[in-house]
Amino acid sequence: MYSLTGGRTAPRTDLAMEALVSSATSAQLGMNHTREYRAISELCRQIRSVAEVSALLAMPLGVARVLIADMEAEGLVRIYQPQLDAGMPNRNLLERVLSGLRRL
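Analysis parameters
- Residues numbered from 1 in each chain as written.
- Predicted model: local features only at pLDDT ≥ 70, side-chain atom pairs only at ≥ 80, totals over all residues.
- Heavy atoms only, no water.
- Core = buried A, V, L, I, M, F, W, Y, C linked by side-chain atoms within 4.5 Å.
- Buried < 20%, exposed > 50% of the residue type's maximum accessible area, 1.4 Å probe, protein only.
- Helix = DSSP H or I, 4+ residues; strand = E, 2+ residues; numbered from the N terminus.
- Contact = heavy atoms within 4.5 Å.
- Pairing = 2+ DSSP bridges.

A. Layout of the nonpolar core. Counting 20 residues, the largest nonpolar core has L15, I40, I68 and M71 as the members making the most contacts within it. Where this core is concerned, the elements lending two or more residues are α2 (35-43), α3 (50-56), α4 (61-73) and β3 (77-80). It is α4 that contributes the most residues to this core, six residues altogether. With near-sequence residues (within four places) excluded, M71 lies in contact with L29, Y37, I40, S41, L76 and V77.

Pasting the structure below:
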């Protein structure tokens, strides 16, 4: 994994683990791309979160984040970052989670 990321442990751009990723191309990537790039591209034909990509490919989350950010820079995938209001969680979401926990 060290060689895949060039020793980097963090992506060049901020990439949340819940960010959604989709393939930017309908064609399969050729052999000039790494096996991991091809696997991520194929998997993201359906929109997936960064965490899902990591889990489904049995790849450490940090490595997946670096590779996906690199792929976005090359135009191979599209990333949809979650919208956060000044870093604060959505109150409605927190209330629904609290309600669900109380029902347990």
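B. Looking closely at the pairing of β3. Here β3 shows a clear split, with V77 and I79 buried on one side and none of R78 and Y80 buried on the other. With four bridges connecting them, strand β1 (residues 20-23) and β3 associate as antiparallel partners. Across the sheet, residue S22 finds its bridge partner in β3, namely R78.

C. Representation of the environment of R38 in the model. Summarising the element assignment, R38 is placed in helix α2. Using a relative accessible area of 24% as the deciding quantity, one classes R38 as partly exposed. Taking the C-alpha atoms as reference, R38 lies 7.2 Å from Q28; in sequence the two are 10 residues apart.

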